[in-house]
Each structure stands twice: as C-alpha cells, then as structure tokens.
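# Architecture at a glance
Spelled out, the chains give:
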Amino acid sequence: MEAAMERQIDSAGELMKEFIDTVLGLYRHIGEEDVLRQADGETLQRLLSRGIPREGRPVDEVYREMLSDVYTKNALVQHPRCFACIPSPVSLFSWMGDVMTNAFDPHAGCRMNASAAGCVEEALVRWMCGLAGYPDGCGGLFVSGGSMANLTALTAARDAKLSDAERASAVAYVSDQTHSSIAKGLHIIGFRADQVRKVPSDAAFRMDAGALRAAIAEDSAAGKKPFAVIATAGTTNTGSIDPLPEIAAICRAYGLWMHVDGAFGASVLLSKRYRHLLSGIELSDSLSWDAHKWLMQTYGCSVVLLRDQAHLLRSFAVHPEYLKDAGAFNQSPDFWDLGPELTRPARSLKLWLTLQVIGSEGMGRAIEHGYAMADFAAQLVRQQPDWEIVSPAQQGIVCFRFAPAGVPAHRLDRINQEIAHEITQSGYAQVLTTELRGRKVLRLCTLNPETTPEDIRATVARLVKSRAAAKGRGSEEAHAKKKVS
Ligand SMILES: *Cc1c(COP(=O)(O)O)cnc(C)c1O
C-alpha cells in the first residue's frame, strides 16, 4: 500500500506541479485567449468512444489527453470579456483554496470530522449574517449554489408556515423577474405550478408591491393560504432590486415568510458605496447568496442564511443510528442536520482564504468596479445612434439593443440575436441576449474586476460594427428609400 502511494506521488506529483505552471501561464495572458473555447466534433467523438480501460494507463498520457481534450475546451468564465450569464470571475486565491481543500478533502458534514473547517464555516456564516443584519440566533449553511440555497430556504419556509393540511392550498409569491430556480425549488418540495403566483414588475423591473398586496388579499379572500414571498436582490436579467422594505411590511402584516434571493446581488453588502441599495434585507427570514458569482469563488460555493437557524433543524435534522457517535462530539448542531446533504465538501475554506488575503474592503472595491464598467458600457451605447438602453446599468448589468427606427420588431429581435452570436462566435467576448417585456436585448454583465475600460470600449465597438447590425442598417435604408419612392 505504501509503495503504491510512493509510486503515485512520483508519477502524479511532477505532473501536478507542471499543471500549476501551465494554468498560471494561462492566467497571466487570459485576456488574449478566446472566451468561448469549444471542443470540435472529433474531440467529442474521441472522448465518447474512449470508454474505461480494463487495466490502467500511464498517468502522463491521461494527463496530457485530458488537458488538451477536456480542460482547455470549455468557455473561460473567468475571462475579462466574459459578459454572459452571471459570469464567475474567479480570484486566484479561490482556486488556491480549492486546490488545498481538495488535497485534504475534509468531510464537512459533522463537527467530529471537520472541527476546524466547521469552525471556519460557522465564522463565515456568522459574518455574512452580520452583513445582512440578522439578529442573534441566526445561522446558515454553505451549499452548492443559489438553486440549492433557494430550495433549502423554501423548505424551511414551508415547514415553518404550513401544516400538512394547509400545503394543498398554499401560495408563494414571485415576480415576473424571479429566477427560475425558485419555481423549480417549489416544485421539488411539492407545490403545483398554480401555487406559485407571479406578481408583475414595475417599469424598473422591480416587484410591484401594490400588486403583491392585492394578490395576497385576493388569494386570502378565496380561501387560499399565502405563506411566502420571494423577493430578489439583484435580478438575473437586469440587476434590479425588489422594494425590500415594502415587501417586508406586507409579509409582516400577513404573517408570511420573506425570502430574499440574493444569489447574485447579496455581495453588494460588501460595498460601502452601494450597500444602502439592499436596505430592508435585514427584515427577511432567509437569504440566498452565491459566493461563486460576485465573491470571486470557483463553482460550488453558495450560502443560505436564516434569521433563525432553528428552522433549518426543524426541516432537516435526522438521527440515524450510525451517526449517533459523531453527533455526541459537539454542542452546536452538525452541518448535515441543517440542509439536504450528508457528506459535503468544505466549501467555505476557499472563500475564507480569499477574504483573508483580499479583505472585506478589497472585495467591496472589486464589486464597485463592476458597477463602474456597466456604467461605462451604458455611456458608450448611449452615444450610438440606432442603439437604445433598455435597462440602465445597475449592479454591474446593463441591457441594450440595436433598434433603428422603421425595422419591424421580429426583425430587430433576430438582428440582436445575430449580433450576440457573432461576437460570441468570434471568441473575442461572450455576450448573450435576454428577453425583457417580450423584446430581445443584449446584456452585458461586467462583474470581473480584471475587466478594463478598454475591454468595454472594444466590445461595444465590435457590437456596433457587427455584420448583423450593418445588415439591419441596410434594411433601414432600403425601407427609407422605398418610402420615398
Ligand atoms: C444564478 C442565480 C440563481 C441560481 O444560482 P445557481 O448558483 O446557478 O444555482 C438563483 N437566483 C438568482 C437571482 C441568480 O442570479
């Protein structure tokens, strides 16, 4: 056994060192790489047909094959011109923490096996609860992502607010901008689609509090059982923040659970300059917060926070016979009793490492840079005739589109789609569309602290000059000529 380990260290060790140098080399020049790197058909076919060998192969052969066929054939989400989805601008310190965590692989399910890692998790949860303004008795858990954080919080909400008999007539309230993971989570925990009521958003894509109040009153009068409102702090489409104080007041008046989906936007709590935008968040019952979005972490790092941790225990604590010994090691609850997972990685360690190195104010400044870049993009777009801002720069997101007069709506949708496709396909920048009020728009999400004004300037210039936009202008001229003749 020892000899085998010895041999593995000899053969894998050198490659692991080489790998680190290779990746560091990539990071040094990441801006020169294509954002969208995809495997060609031949590579995919090779991977599919490889199968698992009966006897093992030399590790250096496997290493080189995986480096060239797998690891270097995916979109570079940490690229400074990756503006699509909510990108994941990863701090090198997160990667470092991830490597260290994987190397030791602590089991963070219970305190016995992760006394120190568990302590770090608890310290981070407490610190993040403090930023959210939660009182004593609060708590939470690191989970794999915003979807799991939402699912965990919604389960706690259901169990806190509804008896078994009430579940069938219960209603949860979302807006037309709420992330799809909420409906998915509610479905998983047993609610029908008609139990999720979509409240319209206002002109600024914020949940309309008046419409929410009316919907709750209407459902109550009809014998239904409103139980939760899901507010969003930083919607995925536009970065808008729902009116949290108003929603909190409505929840208090009707005795409803208030969940805030801050998967994307809760990180703004670290910005001295912008955190006032989230005021009211301290009145919520639960909060989802993705560290793998705007806290510069590698994937699989999110937290769900509860104003009262006891709700998590009520929903998730189970005590099978084979875990009784482990549980006897501590006073505070084990992590496996606070959420759906039993075995779980120590996800918080990389965030801890990153924050120790960068500091909370350094992180706040990195977040503020995202605001500045989106503002700058908006300013450039506004200077372009035929282009319009559809949703102003907020929380590092701006939505806009090419919209020359006289071109029919369905054609504009197609042209904007083509503009996004063209720049993304070129590898220079990744830009995708979203839909706002039925119109296709381009969306730049500028969260990466390494993104420069020059990146923004060059990206907007390419969008404006794209062939698709030129064609659109052509059709506009043709249209104008036809009118004249
Ligand atoms: C990204 C996002 C989610 C989902 O989070 P995952 O980490 O992708 O599971 C939920 N809500 C909002 C507002 C988001 O932006």
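See the structure above.
The present account deals with the structure reproduced in this document. (Residues numbered from 1 in each chain as written. Predicted model: local features only at pLDDT ≥ 70, side-chain atom pairs only at ≥ 80, totals over all residues. Heavy atoms only, no water.)

This next bit is on the overall build of the protein. On a plain count of helices and strands, the protein comes out with 17 helices and eleven strands. Here the C-alpha atoms of the protein give a radius of gyration of 25 Å, agreeing with the 23 Å that 2.2 N^0.38 yields for 485 residues. With the principal axes as the frame, the protein shows a C-alpha extent of 90 × 70 × 45 Å. In the protein, once contacts between residues fewer than 6 apart in sequence are set aside, the share between residues at least 24 apart is 75%. With an accessible surface of roughly 22800 Å², the protein has 55% of that area assigned to carbon and sulfur atoms. Charge separation in the protein, taken as the distance between the mean sites of 53 positive and 56 negative side-chain charges, equals 7 Å. (Helix = DSSP H or I, 4+ residues; strand = E, 2+ residues; numbered from the N terminus. Rg over C-alpha atoms; globule rule 2.2 N^0.38 Å. Contact = heavy atoms within 4.5 Å. Areas by Shrake-Rupley, 256 points an atom, 1.4 Å probe, with all protein chains shown as cover. Lys, Arg positive; Asp, Glu negative; His and termini not counted. Charge placed at Lys NZ, Arg CZ, Asp CG, Glu CD.)

Let us look at the packing of aromatic side chains. Within the structure shown, the criterion is met by eight aromatic pairs. A centroid spacing of 6.1 Å and a plane angle of 20 degrees characterise the contact between Tyr27 and Trp95, whose relative ring orientation is stacked. In this pair, Tyr27 sits in helix H1 (residues 2-28) while Trp95 sits in helix H4 (residues 92-104), placing the two residues 68 residues apart along the sequence. Judged by its relative accessible area of 17%, Trp95 falls in the buried class. Ring centres 6.1 Å apart and planes at 45 degrees place the aromatic pair Trp387 and Phe400 in the tilted group. You can see Trp387 sitting in strand E8 (residues 387-394) and its partner Phe400 sitting in strand E9 (residues 397-402), a full 13 residues away along the chain. (Phe/Tyr/Trp six-rings, centres within 6.5 Å; stacked < 30°, edge-to-face > 60°. Buried < 20%, exposed > 50% of the residue type's maximum accessible area, 1.4 Å probe, protein only.)

Inspection of the region around the ligand gives 14 residues, with Gly146, Ser147, Asp261, Asp290 and Lys293 positioned closest. Here an oxygen atom of the ligand and a side-chain polar atom of Thr236 are 3.0 Å apart. Residue Asp290 places a side-chain N or O atom 2.7 Å away from an oxygen atom belonging to the ligand. Contact with the protein chains hides 85% of the accessible area of the ligand, taken as 380 Å² for the molecule alone. Breaking the shell around the ligand down by element, the ones donating at least two residues are helix H6 (146-161) and helix H10 (291-294). Taken together, the residues of the shell around the ligand break down into two nonpolar, nine polar and three charged. (Near = heavy atom within 4 Å. Polar contact = N/O pair within 3.5 Å; in protein donor to acceptor, adjacent residues only side chain to side chain. Nonpolar A, V, L, I, M, F, W, Y, C, P; charged D, E, K, R; others polar.)

Most of strand E11 (residues 439-445) sits out of view: six of its seven residues are buried. Sheet topology note: the E9/E11 ladder contains four bridges and is antiparallel. Counterpart to Phe400 in the pairing with E11 is Leu442. With five bridges joining them, strand E10 (residues 432-436) and E11 adopt antiparallel strand pairing. Bridging across to E11, Leu436 finds its partner in Arg439. In this antiparallel pair of consecutive strands, E10 and E11, the connection spans two residues, and Arg437 shows a positive phi of 50 degrees. (Pairing = 2+ DSSP bridges.)

An order of E8-E9-E11-E10 is seen for the four strands of this open sheet, with the pairing classed as antiparallel. Each of the sheet's edge strands pairs with one partner strand only, and the pair in question is E8 and E10. Recorded for the sheet is a direction-independent mean angle of 35 degrees between the axes of neighbouring strands. (Axes fitted to C-alpha atoms, helices over the stretch in contact; angles between N-to-C directions.)

A few words on the pattern of salt bridges. Evaluated as defined, the whole model comprises 30 salt bridges. For Arg64, the salt bridge goes to Glu18, with nearest N and O atoms at 2.8 Å. Linking Arg64 in helix H3 (residues 59-71) with Glu18 in helix H1, this pair joins segments that are 46 residues apart in sequence. Accessibility expressed as a relative area gives 41% for Arg64, which makes it partly exposed. Where Asp386 meets Arg473, a salt bridge forms, and the shortest distance between an N and an O atom there is 3.4 Å. Remark: Arg473 occurs in helix H17 (residues 467-484) and Asp386 occurs in the loop between helix H14 (360-382) and E8; sequence separation between them is 87 residues. (Salt bridge = Lys/Arg side-chain N within 4 Å of Asp/Glu carboxyl O.)

Helical geometry: 3.6 residues make up each α-helical turn, so side chains three or four residues apart lie on a common side. Between its terminal C-alpha atoms helix H8 (residues 209-221) stretches 18 Å, which fits the 18 Å expected from 13 residues at 1.5 Å a residue. Burial in H8 covers these residues: Ala209, Leu212, Ala215, Ile216 and Asp219. One side of H8 holds all its buried residues, which, seen down the axis, span an arc of 120 degrees. The inward-facing, buried residues of H8 contact strand E2 (170-175), strand E3 (196-199), strand E4 (225-232) and helix H9 (244-254). The residue sitting at the N-terminus of H8 and contributing the capping side-chain oxygen is Asp208; that oxygen lies 3.0 Å from the backbone nitrogen of Gly210. Just downstream of H8, Gly223 is the residue with a positive phi angle, here 85 degrees. (Expected span 1.5 Å × (residues − 1). Arc of directions from axis to C-beta.)

What follows is about the sheet that holds E3. Strand pairing in a sheet relies on backbone hydrogen bonds. The paired strands run either parallel or antiparallel. In space, the seven strands of this open sheet follow the order E1-E7-E6-E5-E4-E2-E3, with mixed pairing throughout. For this open sheet the edge positions go to strand E1 (139-143) and E3, each flanked by a neighbour on one side alone. Across the sheet, the axes of successive neighbouring strands diverge by a mean angle of 20 degrees, strand direction being ignored. Across five bridges, strand E6 (residues 286-290) lies against strand E7 (residues 302-306) in antiparallel orientation. Pairing of Ser286 across the sheet is with Leu306, part of E7.

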